[in-house]
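The primary structure of each chain is shown beneath.
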Amino acid sequence: MKIVKATPANIRKAAAAIRRGGVVAFPTETVYGLGADAFNPEACARIFEIKKRPRFDPLIVHACDARMAKELFLKIPEPALKLMRKFWPGPLTLVLPKAATVPDIVTAGLGTVAVRVPAHPAALKLIKLSKGPIAAPSANLFGRLSPTTASHVKKQLGNGPDIILDSGKTSVGVESTIITFMGGKPVLLRAGGIAVEEIEATVGKLFIPAKNSQKLSAPGGFKKHYAPAVKLKLVNTEKGAIPGPRAAYLAFSKPPFGKYKKVEILSSKGDLREAAANLFKCLHSLEGKGIRVIYAERVPGHGLGRAIMDRLKRAQY
Ligand code: TXA
Ligand code: MG
């Protein structure tokens, strides 16, 4: 299997592969996804095998527009319609009661399904040409760093996917924000590419479940997740880190003073949006290369900082 550029001809080939029951890695605005025909249970089963993902962790279904998305739901509360109108296409996933047509393997047997419309031309074209929704988790091995480039996908999944469509680095860089509803009230299941503040401006105060609430969290919201292959330690400032030839430093905006084997800076402007876009790329670059520990600086918790801090906390041992 090769990485191919996401040209119109290659997107057509990839769509044909999906229609035949194949598995294709493709770009979205958040991270690369590993997709299959959402209505083909065997094809979806291959996604779990390739990722080594446990079957109890459901997939997100990708639609090319709100119309295709709505057919996957049984019913849609008014505030969910508002969110769709405001944020689709974009990094927002809605979890709502599922239509009977959605296979159990996609939802891991849950009565709800997670759906989003990605804001990426290649992804939208792929879904359109596949003639139906595409189930796709992030295209990484289970529990490991999410891919923001095609080569990140190749590094972890090797020859697993039939095709990897390459469209360069993703623009948002962290996964979608996941929202569900309880008694008509919006609930945050995962912080992501759309800031909580923006969602609250549209539908009012979000309920944010306590960290260890089993019931009110995405089944895949395991404590340790999004982890690099080496140990990661969160620090408030450089004072919390021990420099050395086997240590790496992930700074928010200013380079550290100490000597480290490798340093990455999320955003020299101190911009949280830019920091989110660079997060996984920086972590991919720091893992390996003789590094034993990555010290990661805390970032401000507002805006996209919430999603960044969520991923960094889960990456800790
Ligand atoms: O940005 C994204 O969302 C990316 C791109 C590829 O679209 N996808 C992604 O998928 O991050 P994945 O599988 O890595 O994360 C999906 C999360 C999991 O934590 C899963 O448990 C949760 O969504 N999820 C899926 N269906 C759910 C449901 N019915 N109820 C609650 N959580 C659900
Ligand atoms: Mg994932």
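Residues numbered from 1 in each chain as written. Chains lettered and ligands numbered in written order. Predicted model: local features only at pLDDT ≥ 70, side-chain atom pairs only at ≥ 80, totals over all residues. Heavy atoms only, no water.

Undergrad: A description of the packing of helix 9 (residues 272-286) against helix 10 (residues 305-315) should follow, citing residues and the corresponding values.
TA: Taken N-terminus to C-terminus, the directions of helix 9 and helix 10 make an angle of 25 degrees; their axes are 9 Å apart at the nearest point. Put simply, helix 9 runs roughly parallel to helix 10. Crossing angle aside, the handedness with which helix 9 passes helix 10 is left-handed. Contacts from Leu 272, Ala 275, Ala 276, Leu 279, Phe 280 and Leu 283 in helix 9 reach Gly 305, Ile 308, Arg 311 and Leu 312 in helix 10. Here the residues of the contact of helix 9 with helix 10 are counted per class, giving eight nonpolar, one polar and one charged. (Axes fitted to C-alpha atoms, helices over the stretch in contact; angles between N-to-C directions. Helix = DSSP H or I, 4+ residues; strand = E, 2+ residues; numbered from the N terminus. Parallel < 35°, antiparallel > 145°, perpendicular 65-115°, else oblique. Left-handed = near helix turned anticlockwise from the far one by under 90°. Contact = heavy atoms within 4.5 Å. Nonpolar A, V, L, I, M, F, W, Y, C, P; charged D, E, K, R; others polar.)

Undergrad: Before we move on, could you go through the sheet that holds strand 10 (residues 185-190) and cite the residues and values that matter?
TA: Spatial ordering of the open sheet is given by 1-8-2-3-7-4-6-5-9-10, a layout of 10 strands whose pairing is mixed. At either margin of the open sheet sits one strand with a lone partner, and together these are strand 1 (3-5) and strand 10. Both strand 9 (residues 177-182) and strand 10 contribute to a ladder of five bridges, which runs antiparallel. What sits directly across from Phe 181, in strand 10, is Pro 186. Contacting strand 3 (33-37) and strand 7 (134-135), helix 2 (residues 41-51) crosses the sheet at an angle of about 155 degrees to strand 3. (Pairing = 2+ DSSP bridges.)

Undergrad: Give me the sheet that holds strand 13 (residues 260-265): which residues, what numbers.
TA: Two orientations exist for strands paired in a sheet by backbone hydrogen bonds: parallel and antiparallel. The four strands lie next to each other as 11-14-12-13, forming an open sheet whose pairing is parallel. With one partner strand each, in any of the chains shown, strand 11 (231-235) and strand 13 form the two edges of the open sheet. The mean angle between the axes of side-by-side strands here comes to 20 degrees, regardless of whether they run parallel or antiparallel. Of the pairings in the sheet, the one linking strand 12 (residues 244-251) to strand 14 (residues 293-297) comprises four bridges and is parallel in character. Counterpart to Ala 248 in the pairing with strand 14 is Ile 294. Against the sheet, helix 9 engages strand 11, strand 12, strand 13 and strand 14, with an angle of about 170 degrees to strand 13. Each of strand 11, strand 12 and strand 14 is contacted by helix 10, which is oriented at about 130 degrees to strand 11, the strand it contacts most.

Undergrad: Pulling in residues and values, what's your account of the domain arrangement of the protein?
TA: On domain assignment, one finds that the protein holds domain 1 (3-213) and domain 2 (231-315). Relative placement of domain 1 and domain 2: their C-alpha centres are 27 Å apart. Of the residues lining the interface, 27 residues belong to domain 1; the matching set on domain 2 comes to 17 residues. Both faces combined, the contact of domain 1 with domain 2 buries some 1,700 Å², and carbon together with sulfur accounts for 57% of it. Put simply, domain 1 and domain 2 have four salt bridges between them. Here Glu 287 and Lys 155 are joined by a salt bridge, their closest N and O atoms 3.5 Å apart. Taken together, the links from domain 1 to domain 2 amount to seven residue pairs in polar contact (both at pLDDT 80 or more). (Domains from an automatic or database assignment. Buried area = accessible area lost by both parts, 1.4 Å probe. Salt bridge = Lys/Arg side-chain N within 4 Å of Asp/Glu carboxyl O. Polar contact = N/O pair within 3.5 Å; in protein donor to acceptor, adjacent residues only side chain to side chain.)

Undergrad: Quick rundown of the environment of Ser 253? Include the residues and the values.
TA: Residue placement: Ser 253 occurs in the loop between strand 12 and strand 13. Since its relative accessible area comes to 18%, Ser 253 is described here as buried. Separated by 15 residues in sequence, Ser 253 and Ser 268 have C-alpha atoms that sit 4.2 Å apart. With sequence-adjacent residues up to four places away left out, Ser 253 is seen in contact with Ile 265, Ser 267, Ser 268, Gly 270 and Glu 297. (Buried < 20%, exposed > 50% of the residue type's maximum accessible area, 1.4 Å probe, protein only.)

Undergrad: Tell me about the packing of aromatic side chains, and name the residues and values.
TA: Within this structure, the stated rule accounts for one aromatic pair. Residues Tyr 249 and Tyr 260 carry aromatic rings whose centres are separated by 5.1 Å and whose planes lie at 40 degrees to one another, so their mutual orientation is tilted. With a gap of 11 residues between them, Tyr 249 in strand 12 and Tyr 260 in strand 13 connect regions that are remote in the sequence. Each member of the pair, Tyr 249 together with Tyr 260, is buried. (Phe/Tyr/Trp six-rings, centres within 6.5 Å; stacked < 30°, edge-to-face > 60°.)

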